[in-house]
Amino acid sequence: MTAPVRIRRTAPARLLPATPAPEGITAHLATFGERPPLGAALIDELERSGLAGRGGAGFPAGRKWRAVASHAQRAWAAVVVADAVETEPASIKDQTLLALRPHLVLDGIQHAVEAVGATRAVLYVSRANASLVSALSAAIAERPPGEVTVELRAAPMRYVAGEETAVVNRLNGRAARPSVVPPRPYEAGVDGHPTLLHNVETLAHTALVARRGAAWFRSVGTADSPGTALVTVCGAVGAPGVHEVSLDMTIGETVDAAGGAGAEPLAVLVGGYFGTWLHAAEAWPLGLNRLALARAGAGLGAGVIAVLPRSACGVAETDRIITFLARESAGQCGPCHMGLPAVSELLHAVALGRAGLRSVATLRRWAGEIYGRGACRHPDGAVLLLRSALAVFGDDLERHARGHPCGASRHAPILPTPALPAGWR
Amino acid sequence: MRPQRLHVDPIACKAHGVCAELFPERIRLDDWGYPIIDPIAVPRDLMVHARRAIAECPRVALRLAPVGEEGEHQRDPA
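What you see is a predicted model; the values in this text were computed from it and never measured. (Residues numbered from 1 in each chain as written. Chains lettered and ligands numbered in written order. Predicted model: local features only at pLDDT ≥ 70, side-chain atom pairs only at ≥ 80, totals over all residues. Heavy atoms only, no water.)

Further remarks concern the interface of chain A and chain B. Note on interface size: it is often stated as the accessible area lost on association of the parts. The interface of chain A with chain B comprises 27 residues on the first partner and 18 residues on the second. It is Glu-369, Tyr-371 and Arg-373 of chain A that lose the most area in chain A upon contact with chain B, and together they represent 26% of the buried surface on that side. In this assembly, chain A and chain B are joined by three salt bridges. Its salt-bridge partner being Glu-369 of chain A, residue Arg-28 of chain B comes within 3.3 Å of it at the nearest N-O pair. Counting across the chain A and chain B interface gives six residue pairs in polar contact (both at pLDDT 80 or more). Those elements that place two or more of their residues in the side of chain A that touches chain B are α14 (334-337), α15 (339-351), α16 (357-370) and α17 (378-392) of chain A. (Contact = heavy atoms within 4.5 Å. Buried area = accessible area lost by both parts, 1.4 Å probe. Salt bridge = Lys/Arg side-chain N within 4 Å of Asp/Glu carboxyl O. Polar contact = N/O pair within 3.5 Å; in protein donor to acceptor, adjacent residues only side chain to side chain. Helix = DSSP H or I, 4+ residues; strand = E, 2+ residues; numbered from the N terminus.)

Before going further, it helps to spend a moment on α15 of chain A. For an α-helix, 3.6 residues make a turn, and residues three or four places apart therefore share a direction. All names here are of chain A. With 13 residues, α15 ought to run about 18 Å at 1.5 Å a step, and its terminal C-alpha atoms sit 18 Å apart, in line with that. Burial analysis of α15 places 10 of its 13 residues in the buried class, the great majority of the element. Within α15, burial applies to Gly-339, Leu-340, Ala-342, Val-343, Ser-344, Leu-346, Leu-347, Ala-349, Val-350 and Ala-351. Looking at the packing, one finds that the buried side of α15 touches α13 (314-327), α14, α16, α17 and α18 (394-401). (Expected span 1.5 Å × (residues − 1). Buried < 20%, exposed > 50% of the residue type's maximum accessible area, 1.4 Å probe, protein only.)

Residues and elements named next belong to chain A. Counted under the stated rule, the structure contains 26 salt bridges over all chains. Two residues, Arg-320 and Glu-317, come together in a salt bridge whose shortest N-O distance is 3.0 Å. Of this pair, Arg-320 and Glu-317 both sit in helix α13, three residues apart, roughly one helical turn. Owing to a relative accessible area of 2%, Glu-317 belongs among the buried residues under this scheme. Between Arg-399 and Asp-396 there is a salt bridge, and its shortest N-O distance comes to 3.6 Å. In this pair, Arg-399 and Asp-396 both sit in helix α18, three residues apart, roughly one turn of the helix. Asp-396 gets classed as buried once you look at its relative accessible area, which sits at 13%. Salt bridges sharing partners connect three or more residues here, namely Arg-35, Asp-107, Glu-114, Arg-143, Glu-147 and Arg-211.

Below, the structure is given as structure tokens:
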């Protein structure tokens, strides 16, 4: 087969600098100019921009700011929290953005502070990345006077530590475990104050909307999913790493922007470890925008696009990811801390050819029963990944279940599943 | 009164299973003993059983709430 001629589409670089070097305050001001004093007027502009959160849930940013502003009062001021915990093992986009353009994120934090009338702001970063923590502390020190000083707090390296209620619990001195909602952080978060919690990429976008406006923001992307997004492309691609894409691009174009598929692709994992496996043929022409992905049962999630080559085994990859997710349960809700290890054990047995078709049926039943029964969405993410694996790798899974594990099972892992440190504080 | 459905606080629940015994019309147990609650509204004639299950839960983990106010993550996207 001759390779089709591809026109490589690249997105306008909005968040990422042309050269990957950290920008200090002088370079930042030279690139973007002064931060305009917009106050609460930025909320209207954000609503017009259609910016959706880039942390996984995709909630409209303007609506979130409006909700926090309406809950905050003079005597009970809001708190702004910038979430950069990024414990998704395949994702490095938030750390990359913070390392290269810390002041764009800090600008976004100040805009949020001024728009919702906050008196406190926290930047919450994984403590695993010590050099980033010290670089951020230096960036905070060179901010102009008159701003709320951003508190830098280090988060434990647990998969669910970046979940919004887990963030609030940790900042309130408790373990970084999720809790039952309501109340949601916008109602009662840090120290009981209304809390505006955003992923750092979202805040960087708000800083650009403040300077350039909603119409500019909407000039790329689709009507439903305007703007650009940072994605981490990994697996069998020529140039794995963080890429900025516009949301009218397809998954195939995104992979091309990351150097193209390095080998014949079998499947693509979209979103992250709480994401969705898609057949490569289905994924390639699929748009990254919310509507297109939703029609395929997927979402951009944490912005992970992982390409699995045909030489690898989707069953073995999923087995490792589910084992990781089971280990990363906060251990609070029965369906998660009992259910996920059971799923993991049974899937592992099937992958090795030690459990039969009846076990595959049990996995299908558990996937349906576990969904929606945790305080947070950790168990949901795990079983949705499992469901998509049962659909995409179903035939292969049956061959495994009939006692014929494929040769590819011994392929080196494509997706990382690190053993994370055990602490929750 | 608006139709109501049962909810369990998944962190409080420790799989005693009393609820499923008292209200099998809406509650069954999963393979690990935790309740799976039928999301449809509890009709008036079954309400006495729902209230008994709530009262007898040793972890005080059950409650009734109007349908549609269960928090966004309870929906099934499938």
